[in-house]
Amino acid sequence: MLHYSFNPVNENAYEASIIELFQNMGYVHVYGPDIDNRDFTSPLYNEVLEEALVRLNPKFPQAAINEALFKLRNFENAELVQKNAIFMDYLQNGITVRYTEKGEPKDTIVYLIDYDKPANNSFIIANQWTFVENSEKRPDILLFINGLPLVLMELKSPSREETDASAAYRQIQNYKYEIPSMFIYNAICVMSDLLTSKAGTLTSGEDRFMEWKTIDGSYENTQHAQFDTFFRGSLPKNVCWIF
C-alpha cells in the first residue's frame, strides 16, 4: 500500500500534496481561476452539473432536465439544515419533476448520481474556488461529484504551532455564516493539519468529527490516521461514501 512520507512545510505545500493524492486516486484537478465565465455567486460547477444530468438521464427530454436544475438551484425559504436535508434526499433518491411533452404533463425522477456505475460520474478536486455570498471566500479544497460541491476541506499548516485542526473547524463554522449556500450541497466537511484529519457533517460539533483509520476495512491504523489513509479510505473514487 502506498503511503506518502513527505513532510509539507506549509499550507500551500500540504494543499498540493492533497491534490496530488486525489489525482492518483482518479480525480480530475481543477484550478478555480482557470475556469472562464464562471458565476461566482453559484456554489455549483454548473457546466459539469448540466452535462452530468443529461448523461445520467439520457431518456428524458431537456424540459425534464431543466426542471430538475431549477429545483436544485432554488430552495424555498428555510433554515440551512432544512435545505441541506432536502438536497440530501435529492442526492440519494433523485428529483421528482413534472414537465410537458407533446402537450401532455408527465412525471419522472431525474437522478444526480449513478450509484450502480461509479465510472459514469464526474469526480473533481478543485482549489482556489472563489464563491461570493455574504463575503468572498475560497475554501481550501472542494470535491465536486457531477458538479455538486459535496465535500469541503479546510487545511491548516502542519508546521505552525499556533494552528491545528481545531482552527480548521472554526474556519468551517465561519464559512457557514459567510457562504451558507455552499453548505446546502454539502455532504462532508473535512478538517486536517496532516497529523489529524477528521470528517463531519453540516451539523457536527467538533467532538463529532471522526478520524478514518482504514482504507478498505481490512487493516486499521490504530495511531493517528495517516493523511493518505484518511483520504483514501473515506473519499475513494466511487459514491459509497455519500451514504
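See the structure above.
Small disclaimer: the values here were computed from a predicted structure and weren't measured.

Draft legend 1. Geometry of the sheet that holds strand β1 (residues 28–31). Taken together, six strands build an open sheet; the order of strands is β1-β4-β7-β8-β9-β10 and the sheet is mixed. Edge positions in the sheet fall to β1 and β10 (197–200), since each has one partner strand and no second. Across the sheet, the mean angle separating the axes of adjacent strands is 20° when strand polarity is ignored. With five bridges joining them, strand β8 (residues 148–155) and strand β9 (residues 188–192) adopt parallel strand pairing. From the neighbouring strand, Leu 152 faces β9, where its bridge partner is Cys 189.

Draft legend 2. How the structure looks around helix α5 (residues 165–178). Given a rise of 1.5 Å per residue, 14 residues ought to cover 20 Å, and the 20 Å separating the end C-alpha atoms of α5 matches this to within 8%. Within the span of α5, buried status applies to Ala 165, Ala 167, Ala 168, Tyr 169, Ile 172, Tyr 175 and Lys 176. The inward-facing, buried residues of α5 contact β6 (136–137), β8 and β9.

Draft legend 3. Structural view of the layout of surface pockets. By volume, the second largest pocket is sized at about 220 Å³. Lining the second largest pocket, in full, are Arg 55, Leu 56, Asn 57, Pro 58, Lys 59, Phe 60, Tyr 111, Ile 113, Asp 114, Tyr 115, Asp 116 and Asn 120. Among the residues forming the lining of the second largest pocket, the class breakdown is six nonpolar, two polar and four charged.

Cut-offs and rules
Residues numbered from 1 in each chain as written. Predicted model: local features only at pLDDT ≥ 70, side-chain atom pairs only at ≥ 80, totals over all residues. Heavy atoms only, no water. Pairing = 2+ DSSP bridges. Helix = DSSP H or I, 4+ residues; strand = E, 2+ residues; numbered from the N terminus. Axes fitted to C-alpha atoms, helices over the stretch in contact; angles between N-to-C directions. Expected span 1.5 Å × (residues − 1). Buried < 20%, exposed > 50% of the residue type's maximum accessible area, 1.4 Å probe, protein only. Contact = heavy atoms within 4.5 Å. 1 Å grid on protein atoms, 1.4 Å probe; cavity = no way out; pocket = protein on both sides within 12 Å on 5 of 7 lines; lining within 4 Å. Points joined across faces, edges and corners; volume = space filled by probe spheres on them. Nonpolar A, V, L, I, M, F, W, Y, C, P; charged D, E, K, R; others polar.

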